[in-house]
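Report on the structure
As a plain string of letters, each chain reads:
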There are 2 protein chains.
Amino acid sequence: MNDDAMDLRARNRQATREAIGHAALRLAIEQGPHGLALVRVQDIATAAGVSSRTYNNYFSSRAEAICAFQADQSRRAGQALRSRPADEPLHEAVTAAMIELYTDPEPDKAGLRMIMQTPELEGEALKAFTMAEGPLAEAIAARTGTDPGRDLFPAVKAAAVAGAIRVAGRHWLEPGNTESFATMLRSALSCVLLAEPPEGPRDR
Amino acid sequence: MNDDAMDLRARNRQATREAIGHAALRLAIEQGPHGLALVRVQDIATAAGVSSRTYNNYFSSRAEAICAFQADQSRRAGQALRSRPADEPLHEAVTAAMIELYTDPEPDKAGLRMIMQTPELEGEALKAFTMAEGPLAEAIAARTGTDPGRDLFPAVKAAAVAGAIRVAGRHWLEPGNTESFATMLRSALSCVLLAEPPEGPRDR
DNA sequence: CTCACAACTTGCGTGTCACGCACATAGTGC
DNA sequence: GCACTATGTGCGTGACACGCAAGTTGTGAG
């Protein structure tokens, strides 16, 4: 994930991926949620400085390119949780990790609005947020000492957390909202994190 | 939702929608997850007894057609919860409602596997399961006396429930699993329903 | 009952798109 | 430096989503 950990090929690849994703999101924002069809693949590729064929080597749909940033961010959820101190209670660790991951820096409202409120992007946006579940589930399993293969708890909790983040984002985008995203996140996560992992034996 | 409540037009429309959706899912299952590209729109339309143009009047992508049944089922989640007795505790009501909705009849494993384990369908599948959230959130808000516009609790809880159902389905599909889907659902939902609403009125 | 209107289906045409293939170029490891 | 592999690019092809207009069927008013 750090540049130092990747060779030149991987760094270039990541750079063009981000360039294409950034160009796609920027052009989409310019056209607004109703003019998404006007954003041609050729435009995105040109704006990113690559050929349209190369664009297709990285993404198989416009939606995927536009949501790439959100997807990349979600992939880091597991690492974010693992970076919390091991003796921190689960709900505090998850809350702190997600706030750090999703509010550093504060999200771009225009971009998030484009992703979350454009019907054509709904599927990809859900995919992007859901990508946090796998890594998160593993990190939660490691922290709680549960077995992800046999116990539903880590995966269910991860899905609940990812869903809470999504709901927090939706409410944060609502007009007339003055709260910071961090506050919304804390509220949403508190609805989901009060249940503790099962202590004794449970059906698996 | 009952046929009696719809006029002829609406009934015909629902019938063709289901015919197209059923044909799409059936053909997709026949080709398997790796041969999805071989299922042509023309084939689906022909199998459903309509023109390919009509197919496009109902669905704007193959994925949407294939996942139509799952989407329709999710839309009924709110109604399922509302049909539970008002004095039942929230977690019992939700569990009973979801088990009734998703295990009557027991889901078709081939169909669910196609929908949940085919990468090209991932976005649509998530959309389909997520469609339960809106109606569910309203029903939960009504039951707990919370305001969906001000309080995050109903939406977060609905997202958590929808996520738990999805995770339960994923585990149910894993090879070597002998449990019934109802059992998986109960386990998954128990991980999510133990948290209580933050403050204010709730049922019971 | 009949007639006008609205909803729906269908065929056709068009602009995009995803992707296979082959070749050129750049990074990597010996 | 020299093969070797990964990646970028141009071209061609088949499929698809959707606008448009004409034909067909359900619906409701007079």
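Residues numbered from 1 in each chain as written. Chains lettered and ligands numbered in written order. Predicted model: local features only at pLDDT ≥ 70, side-chain atom pairs only at ≥ 80, totals over all residues. Heavy atoms only, no water.

For chain A, the name recorded in an unreviewed UniProt entry is TetR family transcriptional regulator, with Streptosporangium minutum as its organism.

Near DNA strand C there are 20 residues, and of these A:Arg40, A:Arg53, B:Thr54, B:Asn57 and B:Tyr58 occur at the shortest range. Close to the protein, within 4 Å, the atoms of DNA strand C are drawn from sugar and phosphate at a rate of 61%. The contact in question runs from a phosphate oxygen of DNA strand C to an N or O atom on the backbone of A:Ser60, over 3.1 Å. B:Thr54 places a polar side-chain atom, nitrogen or oxygen, 2.5 Å from a phosphate oxygen of DNA strand C. In terms of residues, the surface near DNA strand C owes the most to one element, helix α3 (residues 52-58) of chain B, which gives 4 residues. Its residues assigned to classes, the surface near DNA strand C comprises 5 nonpolar, 7 polar and 8 charged. (Near = heavy atom within 4 Å. Polar contact = N/O pair within 3.5 Å; in protein donor to acceptor, adjacent residues only side chain to side chain. Helix = DSSP H or I, 4+ residues; strand = E, 2+ residues; numbered from the N terminus. Nonpolar A, V, L, I, M, F, W, Y, C, P; charged D, E, K, R; others polar.)

Time to look at the relation of the copies chain A and chain B. When chain A is fitted onto chain B, the two copies agree to an RMSD of 0.0 Å after a turn of 180° and an axial shift of 0.0 Å. Both chain copies can therefore be described as sitting about a two-fold axis. Mapped onto chain B, 91% of the interface residues of chain A again fall at the interface, so both copies present the same surface. (Least-squares fit on C-alpha atoms with pLDDT ≥ 70 in both. Contact = heavy atoms within 4.5 Å.)

At 3.6 residues per turn, the α-helix brings residues three or four places apart onto the same side. Residues and elements named next belong to chain B. Its 13 residues give helix α7 (residues 90-102) an end-to-end C-alpha distance of 18 Å, which sits within 8% of 18 Å, the value for a rise of 1.5 Å per residue. Restricting attention to buried positions, one finds in α7 the residues Leu-90, Ala-93, Val-94, Thr-95, Ala-97, Met-98, Ile-99, Leu-101 and Tyr-102. As for α7, its buried residues are in contact with α5 (68-75), α6 (77-82), α10 (133-144), α11 (153-173) and α12 (181-190). (Expected span 1.5 Å × (residues − 1). Buried < 20%, exposed > 50% of the residue type's maximum accessible area, 1.4 Å probe, protein only.)

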